[in-house]
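Architecture and fold: a report
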Amino acid sequence: MSIHNKNKISVLSYLTFIGWLWAFSKYQKGSKSSLVKFHLEQSLGLAILVVVTNALMILLVALDPLFKIMMITNNMGLVILWVAGLLSAINGVRLPLPVIGFYFKDKFGFIQ
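A quick note: this is a predicted structure, and the numbers were derived from the prediction, not measured. (Residues numbered from 1 in each chain as written. Predicted model: local features only at pLDDT ≥ 70, side-chain atom pairs only at ≥ 80, totals over all residues. Heavy atoms only, no water.)

Packing of helix H2 (residues 16–28) against helix H3 (residues 34–63) brings their axes to within 11 Å, and their N-to-C directions diverge by 150°. The pairing of H2 with H3 is recorded here as roughly antiparallel in orientation. In the crossing of H2 with H3, the sense of the turn from one axis to the other is left-handed. For the pair formed by H2 and H3, the contact residues are Trp-20, Ala-23, Phe-24 and Tyr-27 on the first element and Val-36, Lys-37, Leu-40, Ser-43 and Leu-44 on the second. Residue composition of the contact of H2 with H3, grouped by class: seven nonpolar, one polar and one charged. (Axes fitted to C-alpha atoms, helices over the stretch in contact; angles between N-to-C directions. Helix = DSSP H or I, 4+ residues; strand = E, 2+ residues; numbered from the N terminus. Parallel < 35°, antiparallel > 145°, perpendicular 65-115°, else oblique. Left-handed = near helix turned anticlockwise from the far one by under 90°. Contact = heavy atoms within 4.5 Å. Nonpolar A, V, L, I, M, F, W, Y, C, P; charged D, E, K, R; others polar.)

This part takes up H2. Under the 1.5 Å per step criterion, the end-to-end length of H2 is 18 Å for 13 residues, consistent within 8% with the ideal 18 Å. Of all the positions in H2, only Gly-19, Trp-20, Ala-23, Phe-24 and Tyr-27 are classed as buried. Viewed along the axis of H2, the buried residues span an arc of 135°, placing them on a single side of the element. Positioned one or two residues after H2, Gly-30 has a phi angle of 125°, which is positive. (Expected span 1.5 Å × (residues − 1). Buried < 20%, exposed > 50% of the residue type's maximum accessible area, 1.4 Å probe, protein only. Arc of directions from axis to C-beta.)

Further remarks concern unusual backbone geometry. Phi is mostly negative for residues that are not glycine, and the peptide bonds are mostly trans. Even without glycine at this site, Val-99 takes up a positive phi of about 70°. Among the structural elements, Val-99 can be located in the segment after helix H4 (68–90). Among the residues examined, Val-99 registers a relative accessible area of 71% and is labelled exposed. Even without being a glycine, Asp-106 presents a positive backbone phi close to 55°. Relative to the helices and strands, Asp-106 is located in the segment after H4.

Core analysis: the biggest nonpolar cluster contains 16 residues, and Trp-20, Leu-40, Leu-46, Ile-100 and Ile-111 have the highest contact counts within it. If near-sequence neighbours (up to four positions away) are discounted, Leu-46 is found in contact with Leu-78, Leu-81, Trp-82, Leu-97, Ile-100 and Phe-104. (Core = buried A, V, L, I, M, F, W, Y, C linked by side-chain atoms within 4.5 Å.)

Here we come to a nonpolar patch on the surface. Among the surface-exposed residues, Leu-15, Val-79, Trp-82, Val-83, Leu-87 and Ile-90 lie close enough to one another that they form a single nonpolar patch of about 480 Å² accessible area. Relative to the assigned elements, Trp-82 resides in helix H4. (Patch = residues over 30% accessible without salt bridge, like charges linked within 9 Å, V, L, I, M, F, W, Y side chains within 5 Å. Areas by Shrake-Rupley, 256 points an atom, 1.4 Å probe, with all protein chains shown as cover. Salt bridge = Lys/Arg side-chain N within 4 Å of Asp/Glu carboxyl O.)

Another point: the packing of aromatic side chains. By the definition in use, this model includes five aromatic pairs. Arranged with centres 6.4 Å apart and planes meeting at 70°, the rings of Trp-20 and Phe-110 form a pair that is edge-to-face. With Trp-20 in helix H2 and Phe-110 in the segment after H4, this pair connects stretches of sequence that are 90 residues apart. For Phe-110, a relative accessible area of 45% puts it in the partly exposed group. Members of the aromatic cluster, joined through ring pairs, are Trp-20, Phe-24, Phe-108 and Phe-110. (Phe/Tyr/Trp six-rings, centres within 6.5 Å; stacked < 30°, edge-to-face > 60°.)

Put into structure tokens, the structure is as follows:
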């Protein structure tokens, strides 16, 4: 597989859940490379983190509207992490997401 295809599949893993599913199906069908696997893990871990932290933030905002500032700050940080992962995939490098990326390495057994 060419480096261009690896980069394209890696980038798609960061673009919506459907993009992740498409990239995962390409990976399973034979586009297996350590670069694609790395970015599938990083983007899935980030997506799970987004869902969990936003669910928690919504509960906190329901209790006290002042938590909206915390929710906005949280989401700004998550966007920065998403951009960092996307840039890493575009450049074709295995650069873990800042602060949290090492937690996702080899944690998803179904991505072989």
